[in-house]
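# Secondary and tertiary structure notes
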Amino acid sequence: MGEFRMPSLGADMETGKLVEWLVTPGQRVKRGDIVALVETQKGLFEIEVFEDGIMGEPLIAAGQTVPVGTVLARIDTGAAKAAAAEMRAEPVAGKASEPASTITPQKTAPQQQAISSERVACSPSARRLALELGVDLATVRGSGPHGAIQRSDIEAAAHATAQATAAPPEPKAAGIEPTAAQTTESRMRQAIAAAVSRANREIPHYYLATEIDLSRPLQWLEAENNKRSIRERILPVVLLLKATAKALRDVPQLNGFWLDDRLQVQSDIHIGFAIALRTGGLISPAIHHVDRLQLGELMQALADLIERTRVGRLRGSEVSNATVSVTNLGDRGVQTVFGVIYPPQVALIGLGKIGERPWAENGMLGVRRCVTATLAADHRATDGHQGALFLEALNRHLQKPEVL
Amino acid sequence: MTEQEVHAHIFAELKKVAPECDPAELAPDANIREALDIDSFSFLRVLVGLHDATGVEIPESDYGKLSTLATMTGYLLAHLS
């Protein structure tokens, strides 16, 4: 019998709100299936199961907020062949046969009213929008297939509310919206504040920087991109990410967690890539197994991740299990990034702008395209020597782009 | 395809990556990426979208020629078949 628990979606998360069950008891699930939506300070996330089996009765009803680690439902993993009907007959502690979804929705806080605990057909992105705009889904009539609520319905509802509540002497029609957006933004800000405060309080950072000559890898990439259609072309940051993953294989001490007063090196390399949201704030979802992806696959994975981050369709595993982070601020002209580590990780790699610099080599001065790569690392877990070995390995891998 | 139609395609693609912006307010010679705070991934998405909409091939070495509204419009008009 497996247990499906409230996942930890980040170092700063203590509780999570189960917004909606996406499966019904007795339904067969496969590892990786999305079974629930959970809301945290950082937004709404799709939560997967990590076992094959048959879903039991929910122990926690939609709409409830529970601590990380709480069992949300049991999953019958052994008897995956057993009939679904038998599973439903299994007694579930303290819940009897009453469907969990009939639990009375709280009527007090307006925050909780924003999401009805009844099952409403609504896409996660529309649901997120409803939260941001403070629209109660129960009051919205869906215009999508089978009455599903779409983003346009939410916008229309928010607009109607804004008009209805706008005081006559206030001509500012847009007055309502920024207030609603501010709450999401301030909750995001609080989540970031909690994580970085902990990082600064607990992690003795050390910083190393190195200048990397990218002339050769970029020339190789340009030739490679010439052969590719515009859809398949690879951006330079993909080379840097892949080389980072390979360098982490060489210096594994930077890929892991500082937990229980010791370094716990992770064998999988899941890079958290910081993505700025257009509404403010940032999320660092993980790209899984970067060291195993071909450059083309990595480019697609990254493009997909950025897209889903910005429309609010991230999976729980993507925000919870990054083993190391990369911050790329080169797009905005930054030369050197001095990063703050995301606990319990032990390293953050910063990438600056790729640009031409004077470069002295073998007694000659030339112009090369360079990037400044930095490492912020946890001194409890590693020393400068290992950090230096990592940056050296990063450079070495970048100089052989054909085998990246 | 007229200049206005090309503009419409550009505006539509920019709206996709920067939904809150109003491309009509963009100065013709402003750097689009800087003015709308668009990263390299989103900019590539705009170029892919424009390629799909207009059929114009945009080699990587020409990306720099599409950095403003004026040059982007000019490039697409000149390469329309």
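Up top you'll find the structure we're talking about.
Criteria and thresholds
Residues numbered from 1 in each chain as written. Chains lettered and ligands numbered in written order. Predicted model: local features only at pLDDT ≥ 70, side-chain atom pairs only at ≥ 80, totals over all residues. Helix = DSSP H or I, 4+ residues; strand = E, 2+ residues; numbered from the N terminus. Rg over C-alpha atoms; globule rule 2.2 N^0.38 Å. Buried ≥ 20, exposed ≤ 12 C-beta atoms within 10 Å, placed from the backbone. Contact = placed C-beta atoms within 7 Å. Axes fitted to C-alpha atoms, helices over the stretch in contact; angles between N-to-C directions. Parallel < 35°, antiparallel > 145°, perpendicular 65-115°, else oblique. Left-handed = near helix turned anticlockwise from the far one by under 90°. Nonpolar A, V, L, I, M, F, W, Y, C, P; charged D, E, K, R; others polar. Pairing = 2+ DSSP bridges. Expected span 1.5 Å × (residues − 1). Arc of directions from axis to C-beta. Core = buried A, V, L, I, M, F, W, Y, C linked by C-beta atoms within 7 Å. Domains from an automatic or database assignment.

Turning next to the overall build of chain B. Within chain B one finds four helices and zero strands. Each helix and strand of chain B, placed in order from N terminus to C terminus, yields the pattern α-α-α-α. Taking 2.2 N^0.38 as the reference for a compact globule, 81 residues should give roughly 12 Å; the C-alpha atoms of chain B span a radius of gyration of 11 Å, in line with that estimate. Along the first, second and third principal axes, the C-alpha set of chain B runs to 30 × 25 × 20 Å. Across the 81 residues that make up chain B, the buried fraction comes to 26%. Residue pairs at least 24 apart in sequence account for 59% of intrachain contacts in chain B once pairs closer than 6 positions are excluded.

All names here are of chain B. Axis separation between helix H1 (residues 3-17) and helix H4 (residues 69-79) bottoms out at 10 Å; the angle between their running directions is 120 degrees. As summarised for this structure, H1 and H4 are arranged oblique, according to the angle between their axes. The handedness of the crossing between H1 and H4 is right-handed. Of the residues in H4, those touching H1 at Glu 3, Val 6, His 7 and Ile 10 are Leu 69, Met 72, Thr 73, Leu 76 and Leu 77. Looking at the contact of H1 with H4 residue by residue, the class counts come to six nonpolar, two polar and one charged.

Bringing the pairing of strand E17 (residues 324-328) of chain A into the picture now. One face of the sheet, then the other: side chains in a regular strand alternate in exactly this way. Residue and element names in this part refer to chain A. With five of five residues buried, E17 is to be regarded as a mostly interior element. Relative to E17, strand E12 (residues 271-273) runs parallel, the two sharing three bridges. Looking across to E17, one finds that Ile 271 is bridged to Val 324. Pairing geometry for E17 and strand E18 (residues 347-351), over four bridges, is parallel. Note on E18: the bridge partner recorded for Ser 325 is Leu 348.

A few words on the pairing of E18 of chain A. Residue and element names in this part refer to chain A. Across the five residues that make up E18, a large majority, five, are buried. The two faces of E18 match: Ala 347, Ile 349 and Leu 351 on one face and Leu 348 and Gly 350 on the other face are all buried. Two elements, E18 and strand E20 (residues 364-378), share five bridges in a ladder whose sense is antiparallel. For Gly 350, the partnering residue across the bridge sits in E20 and is Thr 374.

Take helix H10 (residues 384-398) of chain A next. Since one α-helical turn is 3.6 residues long, residues separated by three or four positions face the same way. Residues and elements named next belong to chain A. The terminal C-alpha atoms of H10 lie 21 Å apart, and with 15 residues this matches the ideal 21 Å at 1.5 Å per residue to within 8%. All buried positions along H10 are accounted for by Gly 387, Phe 390, Leu 394, His 397 and Leu 398. Projected down its long axis, H10 carries its buried residues within an arc of 100 degrees, all on one side. Turning to H10, the residues buried within the fold contact strand E9 (205-213), helix H6 (215-226), helix H7 (236-250) and E20.

A separate point is H1 of chain B. All names here are of chain B. Counted at 1.5 Å a residue, the expected span for H1 with its 15 residues is 21 Å, and the 22 Å between its end C-alpha atoms agrees. Of the positions making up H1, those classed as buried are Val 6, Ile 10, Glu 13, Leu 14 and Val 17. When H1 is viewed along its axis, its buried side chains cluster within an angular range of 100 degrees and face the same direction. Residues Gln 4 and Lys 16 are exposed on H1 and point more than 90 degrees away from its buried face. Each element contacted by the buried residues of H1 is listed here: helix H2 (32-36), helix H3 (40-54) and H4.

Residues and elements named next belong to chain A. Taken together, the five strands give an open sheet; going across it, the order is E7-E2-E4-E5-E16, and neighbouring strands pair in mixed fashion. Each end of this open sheet is capped by a strand with a single partner; those strands are strand E7 (65-67) and strand E16 (314-315). Of the strand pairs in this sheet, strand E5 (residues 43-48) and E16 are connected by two bridges, and their pairing is parallel. If you follow Phe 45 over to E16, its bridge partner there is Leu 314.

Moving on, we get to the interface of chain B and chain A. The partner chain A presents 10 residues to the 11 residues of chain B that form the contact. For the side of chain B that touches chain A, a count of residues per class yields six nonpolar, two polar and three charged.

Another aspect to go through is the nonpolar core. It is characteristic of soluble globular proteins that their nonpolar side chains tend to be buried jointly. Residues and elements named next belong to chain A. In terms of nonpolar packing, the biggest core is built from 100 residues, with Val 238, Leu 241, Ile 271 and Ala 347 touching the most fellow members. Ranked by the residues each element gives to this core, the list is headed by H7, at nine residues. A domain split of this core shows at least three residues from each of domain 1 (2-102) and domain 3 (205-403). In contact with Val 238, other than residues within four places in its own chain, are Leu 295, Leu 298, Met 299 and Leu 302.

A few words now on the environment of Trp 21 of chain A. All names here are of chain A. In this structure, Trp 21 sits in strand E2 (residues 15-21). Trp 21 sits in the buried class, given 21 other C-beta atoms within 10 Å. Those residues within four positions of Trp 21 in sequence are excluded, and the remaining contacts are Ala 36, Pro 58 and Ala 62.

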